[in-house]
Amino acid sequence: FVGRVIPLTSLEWRWPLVRQSGNTQQLIEPIIMTVWSPNGQNPARIPNEDSEEFAFDDINLFTENRFPGLDRVEGGLRINYGVRMGVYGLGGGRSEFMIGQSWRERDDDTFGPQSGLDGHFSDYVGRILINPGEYVDLLYRFRLSDENFTFQRQELGLGVGPDWARLNLTYIQLKDVANNVVDTNGERQQITTAATLEVLDEWTLRGNWRQDLSGGGTISYGASLVYENECIAITGSGERRFTEDIGISPETIFFVTVQLKTLG
């Protein structure tokens, strides 16, 4: 049995500055967040099972612990800062831009060299969101090197259509892929297509396809049929995966999931 107690304190300051011009509202919001917790809170006796899928981005910039799960925690003094700007139409539609960075009092070898957090100053992370109307969403997310401003990660997502007939396209480019936080697997580029179609009341058909643009061919494709009402959701899915690695071979998977909404 092994355990730990981690004291933590944080302070977040935001100052949204808003003005109205014609039929739009304009926003500028500086953000500063200070977090402190002790260093050295990741003993070797606690295996890393649920905190491996780590990525530093605009979503977890202003969080107290950037690791998912409980097996790894962030320690030391750090200051997260950035600015968010936006234009919002009174009749609908919006555009947003955010960029920020994190500073650490000392280096932390918990974060690997491709994580964007291995130095005193982190990489820059941000996003651009354009939503001109109800049926179109465009999201661009990025991570820039703090040393030479080269792109370490780019993600472009486009969603088109109403909820009952939706098409989504996602492109992602990673200069160096962090594996288990420390090791790397090199550059990756891939595109994902997903479609949703409500064929009947309470019945939805979904499909997806993922392609490696770095020469690796198709990664996976699949489809699912969902029946959902106010009490239950039943999903039948099939997926073909082409990933090959040590101990991993291409495979076809079929499964059924049942969710009872009223329990609990």
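Residues numbered from 1 in each chain as written. Predicted model: local features only at pLDDT ≥ 70, side-chain atom pairs only at ≥ 80, totals over all residues. Heavy atoms only, no water.

Draft legend 1. Fine view of the side chain of Q101. With respect to the helices, strands and loops of the structure, Q101 is situated in strand β5 (residues 94-104). The buried category is assigned to Q101, whose relative accessible area is 5%. A distance of 2.7 Å separates polar atoms of two side chains, one belonging to Q101 and the other to Y81. For Q101, the side chain forms a polar contact with the main-chain oxygen of S122, separated by 2.8 Å. (Helix = DSSP H or I, 4+ residues; strand = E, 2+ residues; numbered from the N terminus. Buried < 20%, exposed > 50% of the residue type's maximum accessible area, 1.4 Å probe, protein only. Polar contact = N/O pair within 3.5 Å; in protein donor to acceptor, adjacent residues only side chain to side chain.)

Draft legend 2. Empty space enclosed by the protein, seen in detail. Tallying each qualifying case throughout the model produces two cavities of 30 Å³ or more. The calculated volume of the largest cavity comes to roughly 40 Å³. Forming the boundary of the largest cavity are D57, D58, V125, G126, R141, F142, R153 and E155. Looking at the lining of the largest cavity, the elements with two or more residues in it are β6 (124-133), β7 (136-144) and β8 (151-160). Across the lining of the largest cavity, the residue classes break down as two nonpolar, one polar and five charged. Quantified by volume, the second largest cavity comes out at close to 30 Å³. Around the second largest cavity sit N39, G75, G76, L77, R104, E105 and R106, which together line it. (1 Å grid on protein atoms, 1.4 Å probe; cavity = no way out; pocket = protein on both sides within 12 Å on 5 of 7 lines; lining within 4 Å. Points joined across faces, edges and corners; volume = space filled by probe spheres on them. Nonpolar A, V, L, I, M, F, W, Y, C, P; charged D, E, K, R; others polar.)

Draft legend 3. Spatial organisation of a negative patch on the surface. Residues E49, D50, E52 and E53 make up a contiguous surface patch of negative charge. Residue position: E53 is located in the loop between β3 (24-37) and β4 (76-89). (Patch = residues over 30% accessible without salt bridge, like charges linked within 9 Å, V, L, I, M, F, W, Y side chains within 5 Å. Areas by Shrake-Rupley, 256 points an atom, 1.4 Å probe, with all protein chains shown as cover. Salt bridge = Lys/Arg side-chain N within 4 Å of Asp/Glu carboxyl O. Lys, Arg positive; Asp, Glu negative; His and termini not counted. Charge placed at Lys NZ, Arg CZ, Asp CG, Glu CD.)

Draft legend 4. Layout of the packing of aromatic side chains. Going through the model one piece at a time under the given rule, you end up with eight aromatic pairs. Aromatic side chains W13 and W15 sit 5.9 Å apart centroid to centroid with 80 degrees between the ring planes, which places their arrangement in the edge-to-face category. Looking at W13, the relative accessible area reads 39%, which means it is partly exposed. When the centroid spacing of 5.7 Å and the interplanar angle of 45 degrees are considered together, the rings of Y221 and F242 count as tilted. Placement of the pair is Y221 in strand β14 (residues 217-228) and F242 in the loop between β15 (232-241) and β16 (251-260), with a sequence separation of 21 residues. Above the ring of F62, the side-chain terminus of R14 is found at 5.9 Å from the ring centroid. Positioned above the aromatic ring of F242 is the side chain of R240, whose terminal nitrogen or guanidinium carbon lies 5.2 Å from the ring centre. (Phe/Tyr/Trp six-rings, centres within 6.5 Å; stacked < 30°, edge-to-face > 60°. Lys NZ or Arg CZ within 6 Å of the ring centre and 35° of its normal.)

Draft legend 5. Broad picture of the pairing of β15. Direction of pairing for β14 relative to β15: antiparallel, over a ladder of nine bridges. Its bridge partner lying in β15, A223 is registered against G238. The hairpin formed by β14 and β15 contains three residues between the paired strands. (Pairing = 2+ DSSP bridges.)

Draft legend 6. A look at the nonpolar core. One finds I31, M33, V35, F54, F56, L61, F62, F67, M98, F111, L117 and V125 forming the largest nonpolar core, which totals twelve residues. Examining the composition of this core, we find that three residues originate from one element, β3, more than from any other. (Core = buried A, V, L, I, M, F, W, Y, C linked by side-chain atoms within 4.5 Å.)

Draft legend 7. Main features of the pairing of strand β9 (residues 165-174). Of the strand pairs in this sheet, β8 and β9 are connected by eight bridges, and their pairing is antiparallel. In the strand pairing of β9, R153 is matched with L174. Hairpin connection from β8 to β9: four residues lie between these consecutive antiparallel strands, with G161 at a positive phi of about 110 degrees. Here β9 runs beside strand β12 (residues 188-200); their pairing, made up of ten bridges, is antiparallel. Directly across from T170, in β12, lies its bridge partner T192.

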